[in-house]
Amino acid sequence: MILQKEKNGFSLIELLVAISFIAVIISVILTMNVFNSEIWKLNENKTKAYFYAAESLEAIKLVDWTELNNGDWHLELASNAWNLVANSELLEEKYTRTINIAPVERASSENGHVFGEIVESGFVDPDSKKITITISWLSGADEKNVTLETYLSRWQADRFSQSDWIGGSGQSEWSDETRFFNQSGGLDTTVPGIITLLSGFLDWNQATTTANFDLPGNFDENDVYELNNLAYLVTENNSSGSEFYILDVSDIHNPYQIASLNIGSSVTSVVAQGDYAYLSTKKNDAELRVIDISNPHSPYIVASIDLSGNENASDLVVNETELYILQEDDLHSFNISDPTDPQMLDKISLNSQTKELYLSGNNVYVATEDSSQELQIVDVTNPANLQIIGGYNLPGSLKGTDVFVRGTRAYISTENNGSGAEFFIFEISDPTDPVFIGSYEAGEKIHSFAIVGPYALLGTNFLNSELNVIDVSFPSSISEVSSFDLSGNVLGMSANCAVIYAATSSNSSEFFIISTEVSDCGYASNGELESSTFDTGSNEVTYNWISWSGSEPGNTDIKFQIATSNNVNGPWNYLGPDGSSSSYYSDAAGELINYNAHLNQRYFRYKLFLDSQANLQAPTLEEVTISYSTYP
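Described below are features of the structure shown in this document. (Residues numbered from 1 in each chain as written. Predicted model: local features only at pLDDT ≥ 70, side-chain atom pairs only at ≥ 80, totals over all residues. Heavy atoms only, no water.)

**Some thoughts on the overall build of the protein chain**
Here's step 1: Each helix and strand in the protein chain was counted, giving 1 helix and 46 strands.
Here's step 2: What you see for the protein chain is a C-alpha radius of gyration of 37 Å, clearly larger than the 26 Å of a compact globule of 632 residues, by over 25%.
Here's step 3: Oriented by its inertia axes, the alpha-carbon framework of the protein chain measures out at about 145 × 90 × 50 Å.
Here's step 4: Looking at the 632 residues of the protein chain, the share that counts as buried comes to 50%.
Here's step 5: Just so you have it, the protein chain exposes about 28800 Å², and 46% of that area is on carbon and sulfur atoms.
Here's step 6: Charged side chains of the protein chain number 28 positive and 85 negative; the gap between the two group centres comes to 17 Å. (Helix = DSSP H or I, 4+ residues; strand = E, 2+ residues; numbered from the N terminus. Rg over C-alpha atoms; globule rule 2.2 N^0.38 Å. Buried < 20%, exposed > 50% of the residue type's maximum accessible area, 1.4 Å probe, protein only. Areas by Shrake-Rupley, 256 points an atom, 1.4 Å probe, with all protein chains shown as cover. Lys, Arg positive; Asp, Glu negative; His and termini not counted. Charge placed at Lys NZ, Arg CZ, Asp CG, Glu CD.)

Okay, structure coming up:
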């Protein structure tokens, strides 16, 4: 029996359903293709728009600043340079490109300079522009656009400094590379790296001890600081009395005590500034102490700072807003804007036992007991970020005891070096690379020393000549001038051109006063110096700010005026921050130069004014810096 398998085909209905399904699929595919094509087209348009906007954003940076006037513009390329042309432009018969240049307003203004955050309503900044690039096009009935923004500024500042007035560092860019244009009487420009007031006659051969003073007990006096006819003395720990004393020394023949204060520990150094005295101590929980001396008859402690660890603090220095203090192998920095609440900024290890330090300009110079680097130099430009930048290894295995800096010379003393030198002089025009230029064999340990004029006053370990005066005018041939028997080692001293105030280890006469007894030793009361001419190289220039570094003791003054011209020969009209000849730039940290008074003046000079009403103290300028911006 043969079985035949039944063959089934599509019915008409099934065929119609299949055709309909295929038709739907084709329709969906076609619709998706159209949609994707539109998306692709939209993205293509947007990509091109961004390209055209980015092209303009980069090109406008090449346009001369003087052409960046406010309004709507477009760019055209001609002779390989981009030029701004008024109004918008049409690209590919489709894209409208507009470059809008608008003013920028900032929050603050001073001396014609505008600065601070960008705000909607403030002060118009002539050195900033807001650039907005807009690309628009039609997509069907809708207008599409993309926008890019940026800010352009012409504050590409340069700066120059002058740090020597006898030729050398800081002079090569001036019209007179050897010195300056002229100076009045009363100024001393003979020491490399500084300018100060001229001192009177000085002869340490005629010096004599005028007085001594016996403090209570038999404790070594570690340091002394004289300011405004008051001497501040500090001693080793006195378990039953004071370690801080104030003496009236207005009569150098008859000093007398007016106050004392129990610190509770040995005090290693003292510095007085304004209404406060700053002490470094051996007290474990108060290595730094601040004393209010506004009433010298009644001093009192206003701040005690516990440095990390239990090591003793050995020395400190201060300027107007910062304090630097040594503790064992560490250097600490503090902000003392509020002396009653010092704020620590940074700490750096010097990897050796530190002894003494000296602050000059933006550097702290440290004498250490590291036999491989007795002199170390720390950059304190940013007190919150201390950086070791230089040092020097003295011959043999020496230990540094004291350090001093004047101009571009650094001086360091050491312990006894046998048949070798204990006093060394370095040229520090480049503080990262001190250059040895001279030495002197004292024959004994030098505990402390000071530099006064051309002389170094050495406190030595000799029994019969504890204080030696040497002439260091020529570092390669140092000679002794005189010596003094003080019956005790000079552990600290404060000196000016006429008087030495000495803190000693004597048990019966811890404090000595030595004077040259010369009536005309004091400094000149004033002096002026006019710089040589500086060429900025462009008559499209603005002058930004002026700052300086140096020392400005009480009742002394350092100030500047500025003159500009488009003629190398002047005339030179010296003006201050308010644009008049009766005002002066006097803030060492920096002041904005009057913008409008010196705008687009190619050549520049400054005038320096030094003044002193302090008799035996003078201001000292070490460096002046001016910032300016040119726009070729």
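**Some points on the sheet that holds strand 33 (residues 446-452)**
Here's step 1: Within the open sheet, the 4 strands sit side by side as 33-34-35-36. Their pairing is antiparallel. Unpaired on one side and paired on the other, strand 33 and strand 36 (479-484) mark the two borders of the sheet. Strand-to-strand twist of the sheet, defined as the mean angle between neighbouring strand axes without regard to direction, takes the value 20°. (Pairing = 2+ DSSP bridges. Axes fitted to C-alpha atoms, helices over the stretch in contact; angles between N-to-C directions.)

**Description of the sheet that holds strand 12 (residues 208-213)**
Here's step 1: Reading across the sheet, the 4 strands line up as 12-39-38-37 and stay open at both edges, with antiparallel pairing between neighbours. Lying at the two open borders of the sheet, with one neighbouring strand each, are strand 12 and strand 37 (490-495). The mean angle between the axes of side-by-side strands here comes to 20°, regardless of whether they run parallel or antiparallel.

**A word on the environment of V119**
Here's step 1: Considering the arrangement of structural elements, one finds V119 in the loop between strand 5 (113-118) and strand 6 (123-139).
Here's step 2: A residue is classified by how much of its surface remains accessible, and V119, at 29% relative accessible area, is partly exposed.
Here's step 3: Along the primary structure V119 and V104 are separated by 15 residues, whereas in three dimensions their C-alpha atoms are 8.0 Å apart.
Here's step 4: Among all residues touching V119, those that are not within four sequence positions of it are E105, R106 and A107. (Contact = heavy atoms within 4.5 Å.)

**Brief notes about the pattern of salt bridges**
Here's step 1: Considering all chains together, one arrives at 13 salt bridges under this definition.
Here's step 2: We note a salt bridge from R605 to E530, for which the minimum N-O separation is 3.1 Å. Of this pair, R605 sits in strand 45 (residues 603-612) while E530 sits in strand 40 (residues 526-530), placing them 75 residues apart in sequence. No difference in accessibility class separates R605 from E530, as the two residues are buried. (Salt bridge = Lys/Arg side-chain N within 4 Å of Asp/Glu carboxyl O.)

**Observations concerning the nonpolar core**
Here's step 1: Ranked by size, the top nonpolar core spans 33 residues in total, and within it W204, L247, L457 and F511 carry the most contacts.
Here's step 2: Here the element with the most residues in this core is strand 38 (residues 499-504); it accounts for 5 residues.
Here's step 3: Those residues within four positions of L457 in sequence are excluded, and the remaining contacts are W204, S448, F449, A450, V452, L467, N468, V469, M493, A495 and I500.
Here's step 4: Counting residues in each nonpolar core, the second largest holds 27 residues, with L197, L529, V541 and I593 among its members. (Core = buried A, V, L, I, M, F, W, Y, C linked by side-chain atoms within 4.5 Å.)

**Some points on the pairing of strand 14 (residues 230-235)**
Here's step 1: Summarising burial for strand 14: 6 of the 6 residues are buried, a large majority.
Here's step 2: Burial along strand 14 is two-sided: the residues L230, Y232 and V234 and A231, L233 and T235 are all buried.
Here's step 3: Once strand 13 (residues 221-227) ends, the chain turns through 2 residues before running back antiparallel as strand 14, passing N228 with a positive phi of about 55°.
Here's step 4: Note: strand 14 against strand 15 (residues 244-248), 5 bridges, orientation antiparallel. Residue pairing in the sheet places V234 in a bridge with F244 of strand 15.

**Description of the side chain of E510**
Here's step 1: Assignment of secondary structure puts E510 in the loop between strand 38 and strand 39 (511-515).
Here's step 2: Buried within the structure, E510 lacks any salt-bridge partner; K282 is the closest side chain of opposite charge, at an N-O distance of 16 Å.
Here's step 3: Each residue touching E510, except ones within four places of it in the same chain, is listed here: F213, D214, L215, G217, N218, F219, E221, A502, A503 and T504.

**Re the side chain of R97**
Here's step 1: With respect to the element layout, R97 can be found in strand 4 (residues 95-110).
Here's step 2: Judged by relative accessible area, R97 falls into the buried class, the value being 5%.
Here's step 3: One polar contact links R97 to E55, side chain to side chain, over a distance of 2.8 Å.
Here's step 4: Within the local environment of R97, its side chain forms a polar contact with the side chain of E89, the two groups lying 2.8 Å apart.
Here's step 5: In contact with R97, other than residues within four places in its own chain, are Y52, E55, S56, W73, H74, S88, E89, L91, T134 and I135. (Polar contact = N/O pair within 3.5 Å; in protein donor to acceptor, adjacent residues only side chain to side chain.)

**Let's talk about the environment of A524**
Here's step 1: Looking at the secondary structure, you find A524 in the loop between strand 39 and strand 40.
Here's step 2: Among the residues examined, A524 registers a relative accessible area of 22% and is labelled partly exposed.
Here's step 3: Separated by 185 residues in the primary sequence, A524 and P339 place their C-alpha atoms 32 Å from one another.
Here's step 4: Discounting chain neighbours no more than four positions away, the residues touching A524 are G186, L197, L198 and S612.

**A look at the packing of aromatic side chains**
Here's step 1: Under the criterion given, the structure shown has 15 aromatic pairs.
Here's step 2: Their ring planes at 10° and their centres at 6.5 Å tell us that Y501 and F511 sit as a pair that is stacked. Of this pair, Y501 sits in strand 38 while F511 sits in strand 39, placing them 10 residues apart in sequence.
Here's step 3: Residue Y501 is classed as buried on the basis of its relative accessible area, which comes to 4%.
Here's step 4: An angle of 80° between the planes, with centres 5.1 Å apart, marks the rings of Y584 and F609 as edge-to-face. With Y584 in the loop between strand 43 (556-565) and strand 44 (591-592) and F609 in strand 45, the pair connects residues that are 25 residues apart, well separated along the chain.
Here's step 5: Taking relative accessible area as the criterion, Y584 reaches 30% and is therefore assigned partly exposed.
Here's step 6: Through pairs of rings, three or more aromatic residues link up here, namely Y358, F404, Y411, F423 and F449.
Here's step 7: One Lys or Arg, R605, reaches over the ring of F181 and ends 4.0 Å from the middle of that ring. (Phe/Tyr/Trp six-rings, centres within 6.5 Å; stacked < 30°, edge-to-face > 60°. Lys NZ or Arg CZ within 6 Å of the ring centre and 35° of its normal.)

Note that every value here comes from positions in space, so none of it alone points to a role or purpose.
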